[in-house]
Amino acid sequence: MAQTTLEEKVDRIVQDVLRAESIEETFCGFIAYSEESEKRKKACCLDIVRTFWQTLPQESRDGALKHYVQCAHSQGSGKRAKLLFDTLEALVETNTLTAKVVCENLLHCEQLKYDNEDLWCQTFACIRKIIGGVDYKGCRDILRILLEKSQTIPPSGNVSLQAQLEAVIGVVSYILDRNSCLLPSYFALHEITKMTPDDKSWPHWKMGEMLSKFVQCFRQTAQMVTVSGRSSLLPVVGHSSSVANVWKLNSNSLTFTMSGPLPYDKQFSEFQTYLLKYVLEQPYSRDMVCSMLSLNKQVKQRCIVLEEQLVDLVVLAMERSENDDSEGEEGGNSQLLWQHLSSQVIFFVLFQFASFPHMVLSLYTKLKGRNLHKGRDHLMWVLLQFISGSIQKNPLCDFLPVLKLYDLLYPEKELLPMPDVSKPRSTHAMAVTCIWIHLSKKAQSDNAKLQRLFPQALKGHLEFLKQSLQSKNLTIKDYRTALLCNAYSTNTEYFNVPMSLLVETIYGNSKNTTYLPGNIVASAPCEPLPMSMLDSLTVHTKMSLIHHIVTRVIRLASSKSNIALAPALVETYSRLLVYMEIESLGVKGFISQLLPNVVKSQSYGILHTLLEMFSYRLHHIQPHYRVQLLSHLHTLASLLEPNQHQLHLCVESTALRLITGLGSSDVQPQLSRLLNEPKSLLSGESEELNRALVLTLARAMRVTGSDTLSNSTTQSNSWCKDILNTIMQHTPHGWSSHTISCFPPAVSEFFQEKAAQMQREDKATLKMTVEVELRKWKTMNTENDLIAHFTMQGTPTVFLCILWRRLLEEGHMSPTAYKILDRLGWKSISQHLRTFADYLVFEFSTTAGGQHVNKCAEALNDMIWKYHIITIDKMVLSLALRNLEGNEAQVCFFIVQLLLLKPLDFRQRINEFEKENSPEHWLQSNWHEKHMAFHRKFPEKFCCEGHQDMASAQHQYLPMFFGNVCLRFLPVFDIVIHRFLELPPVTKSLETLLDHLGKLYKFHDRPVTYLYNTLHYYEKRLKDRPSLKRKLVTSIIGALKDIKPPMWCLSEDYVQYMQRPADDINWVPEQEYYIRIIGRLVDTISGKTPSPFPNCDWRFNEFPNPAAHALHATCIELMALPVASATVGGALMNIVLKGTTQIPRNRIMSWVNAIGLILTALPESYWMVLNDKILATFQSSILASSTPEWPFQLFNFENSHTLYGEYQCSYVLALCHAVWHHASIGQLSVIPQFMREKLKPVIRTEAQYLFLTHLVGPFLQRFHAERTRCLLELTTELYEILENVDRSSEHLQHLDSISDFLYHIKYMFVGDGVKHEVDKVIRNLRPALQLRLRFISHHGKEETPTTG
């Protein structure tokens, strides 16, 4: 009722307003019109309506206004309606009503329709007059409604709708007018693009033309925030961080994720199929693919674009097989691709990211009519992998589409020839028959029937398999066993026979035995299943085999069997763990199931075996598994009995390998993830392991560039400080000044602070303590007294010092010493060893020299090799990690050199081991034989086994399948080399060590990575020592010369340089050298055949794919050049910047991409040369003297390059974008400082400022996601530089583009994060800029908008 009353009141008011108008209409022929009377009439109407409005309660005004507007629209006379609209306009002008409310009510009126021309036009005329009083947020809402209304006008409307269109266009164009500045144009763009996405039609062409022009003017802003040639930039899988936002793609459209509503270039809205296909084709890329497409293994989601690319990759493999002349060869390029494809398909289909039946149907469609038959057996092998493992758990209909491929790929009517079953290729040739057998078995179990006859061409294959089932002479010397396993893995009745044969081949029985080092009895089979056999088994069969092995090992562990595992079983199990397809039962099961069960059973022999496997056999273990195992090892170390010396040594050696083997890009993600459990991550007792972790942390920070964040107190570095503090709580220690000087700033400052708080141990006190304890040893009468005293808690940790002194004096070891050592246990001996290392340095420092030094060294060597008190690796590690300064540090390294080189014991072992063995264990069948031969010649004993009285069941020798002192020493040698590099006076000693022991790197699991890390981390120490750099490269890379093909790592140019005399280090490569070496990487990334680098089985390589190997090899060579880093960096950039006919113009971005990858993988001093290039570009005449006529065309690299523009600034921009795109966030975080210190003082022109926006604009999104602090700093600098440009420039031609860019930053990234800094700047800008930026400046929002 109240509403009706309100409407009646409004009706009466409208009647009162229109009464005079009615009289005028009636007596229009008798009334003289005048402007004065018209004004009086309008004033009278305004008084009537305003008085009425003021009497209305607030809650009734909306309803009254709505009805008033309806009344205006219901007028039959245009003149009457105009009077009502004029009254509304006057109410707004007198602030009785707000402009926004009036506009919204006018637009929401149901009677507002384009076919009522007069009212339509009057409505929009009224809105045009009052909209200047609406705030910018209200204008945005009104624009949205206007655009919706404009879409009601038919796009095909003719000239009869011109007036209506012009009325709407007049209002919209006024809102969009940048000089009117009613709202940020960025808001308007957002509303327009939201209304007119690609899948919807635009409004009438006349309106669409205006909107299109408005949107197009933002292309310049879009260019500012776009990476040049982004669609041509490619990552290196295993090097480029897989979690980096820069490679993210939309999982539905496969397009780049772009920020904001800007009209980006068409290439960025296109499917990035090449990028995804490139990554998919790389081995070990599945995690990166999941990261790129935001796929979560816990969520089952079909990704159609991924499915399509997998199908295309299979088709590509079919095409390559068709054109590959080496198709029949084992280990050829084609076979490696199919091997990788099999793994990819299984993973993505297993986790339901791709649908198997849809993939098969798509394959059928794409292969139809192509006549690609050479690769058909490989394709069926890939399909068999998935079918055999999943057909029992899924409906038969999911697999029936495969039968369509039978007709397409096997059209033969005659019988197919029988493959040679003595070759592994036979398993691929018969995969199609195996699939039929699995389908038939499934149909039989489901009581269904295959709706077709068995293919005639395959009958011979099927008959052969049936006959083989009945055979009594199956053997693993051919591939019949593998064929039967593959064909009948879902048929238990038939599967058990061939599987039992495989199992028995590696298990053996208790009747036949063999020996392991230490005369340990083990089951007899010594020859493992060859990789060719394992590769010939389906995933389902491999899973069954590994399940058998794990079950047997767990059973043997729980039964405490006295017979060790068979060497064949252990080696075969380690080979099975390389298959990523069986990760859940493989590495994951190894760490989360097998290892805990063995520990629980206290089966220390098997535990020792498993740790040896992890240390010496496993490749490409994901970092989270490494950290998980490291946590297990620290827990295990605290649970073991103190006198289990061999097992303790194995645990510590494995932990050391895990710590030093962490990839630089993996350290922060893995360690910061476990900050809540630092006790499980860090060692509670081993100072050496925690020191190794500090060194790994420092190396990772330096190599990834995160040391640039070192001076920051932000959360980005808190994880590092937290870990260091926890380490110091567990094992307080310090570092020498020459080591601290190599640390990144954050780590260096931390230990400098701790050094000031820690007291260094007084050497005189240590000597006195040793003398006191030595006297006690001599004066105590009974053995029991000696044992009680030296094992008593609180006794100084100098027992090893005493033993050494006794050896010096008496020349033999007392049996009592072993009993004391046995009672002390591993942990206490480790503490005694640290004291002993310090004492040795003190004694050697004060020794007169000559004969006495030799005697001291002989006594120390006897403790290691004759009496087995300590091992060489443990002794050297302890010495290498002591905190010593100056002369003492040099003496320490002298002792290390004496230990390693003076006695023949260690050198003989290394020479023998290197001569007789190969690191390519996966190709060997006789490893055990060679392993035993070495241990028979050089038997190894552990501490208390040094004396026959102590050889008891309590100190049982544990099985050693792979390890020896040489291999155990490798991670220690890595640390030794680094310590020597930190102290220049011992350079000659280091070169001598490399000459004699460098051959050990033949067996290093990551020699190239280690060399890369060494040259990178110690770049400042090595920059003036070219001969030492060459020595490192020669020793480490040269150690593999007998097992690697020529040019597997270094270029021919560098190999020739290595062969020069030692004193000939003068080599300044020509520019052609740099072109050749970059060309190798370009060709490798592009997949050129034949590859510049020799192909190999990447499952056993230190790198996961060719591009990762090529990148590291290139970086090593560049860092090892006898040329200044700035020269090298400049030469790399000049390949693109100076222009060369040796680079095809259409492949320029491939070269830019390769240079970007290399520069970001090199130390800072190499790629910081880019800053000089950038600064020179800013100071160039084209930017510094005036503003070019077309600056945006000038900065568009792809267009200018295509048109042969050859503008230097566009090439610098493209190169800079490539480098920064590949850079880590740590490397990028120096940009604000570079802007502030170098660029800000020189930027004075508009062209320079526009170049700056193009330079940093594309990386705002990255800063927003990964380092907000840097984003805020960078934004502040942009405003302050703009103020300088504004002050220095008489005219600014691109105010709108600059304003749009700053609005983009505000609304997409920073919000009000820098409002105070920005306000100060905007107040000082010219009025035109102030007007455009007033919605950013808070004081500007309160000002009345300018109209007109």
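Rules behind the numbers
- Residues numbered from 1 in each chain as written.
- Predicted model: local features only at pLDDT ≥ 70, side-chain atom pairs only at ≥ 80, totals over all residues.
- Heavy atoms only, no water.
- Buried < 20%, exposed > 50% of the residue type's maximum accessible area, 1.4 Å probe, protein only.
- Helix = DSSP H or I, 4+ residues; strand = E, 2+ residues; numbered from the N terminus.
- Pairing = 2+ DSSP bridges.
- Contact = heavy atoms within 4.5 Å.
- Core = buried A, V, L, I, M, F, W, Y, C linked by side-chain atoms within 4.5 Å.
- Axes fitted to C-alpha atoms, helices over the stretch in contact; angles between N-to-C directions.
- Parallel < 35°, antiparallel > 145°, perpendicular 65-115°, else oblique.
- Left-handed = near helix turned anticlockwise from the far one by under 90°.
- Nonpolar A, V, L, I, M, F, W, Y, C, P; charged D, E, K, R; others polar.

Here's the deal with the pairing of strand β1 (residues 513-516)
Only one face of β1 is covered, namely the face carrying Thr-514 and Leu-516; the face carrying Thr-513 and Tyr-515 is uncovered. Both β1 and strand β2 (residues 520-523) contribute to a ladder of four bridges, which runs antiparallel. Counterpart to Tyr-515 in the pairing with β2 is Val-521. The antiparallel pairing of β1 with β2 creates a hairpin that spans three residues between the two strands, and Gly-518 there sits at a positive phi of about 85°.

Examining the side chain of His-1254
Mapped onto the elements, His-1254 comes out in helix α64 (residues 1246-1256). Apart from residues no more than four positions distant in its own chain, His-1254 is found in contact with Gln-223, Met-224, Phe-1192, Phe-1195, Leu-1213 and His-1217.

Examining unusual backbone geometry
For the bond from Thr-1089 to Pro-1090, the omega torsion is -5°, close enough to zero to count as cis. For Pro-1090, the position within the fold is in the loop between α52 (1071-1085) and α53 (1106-1119). A positive phi angle is found at Asn-95, which is not glycine, with a value near 65°. The topology assignment puts Asn-95 in the loop between α4 (78-93) and α5 (99-108). With a relative accessible area of 69%, Asn-95 lands in the exposed category. Of note, Tyr-284 is a non-glycine position whose phi angle comes to about 60°, a positive value.

Some details on the side chain of Ser-228
Mapping Ser-228 onto the fold places it in the loop between α11 (219-224) and α12 (273-281). The buried category is assigned to Ser-228, whose relative accessible area is 10%. Residues contacting Ser-228, with those up to four places away along its chain left out, are Leu-233, Met-1149, Phe-1197, Leu-1213, Ala-1214 and His-1217.

As for the nonpolar core
Counting 492 residues, the largest nonpolar core has Trp-804, Phe-836, Met-875 and Trp-1220 as its most contacted members. Broken down by element, the residue count for this core peaks at 14 residues, all from helix α40 (residues 815-846). Not counting chain neighbours up to four residues away, the residues in contact with Met-875 comprise Leu-833, Phe-836, Ala-837, Leu-840, Leu-860, Ile-864, Ile-870 and Leu-899.

Structural notes on the packing of α5 against helix α6 (residues 117-130)
α6 packs onto α5 with a crossing angle of 165° between their chain directions and a minimal axis gap of 10 Å. The angle between α5 and α6 falls in the class roughly antiparallel. Crossing angle aside, the handedness with which α5 passes α6 is left-handed. Seen from α5, the contacting residues are Ala-99, Val-102, Cys-103, Leu-106 and Leu-107; seen from α6, they are Thr-123, Phe-124, Cys-126, Ile-127 and Ile-130. Split by residue class, the contact of α5 with α6 holds nine nonpolar, one polar and no charged.

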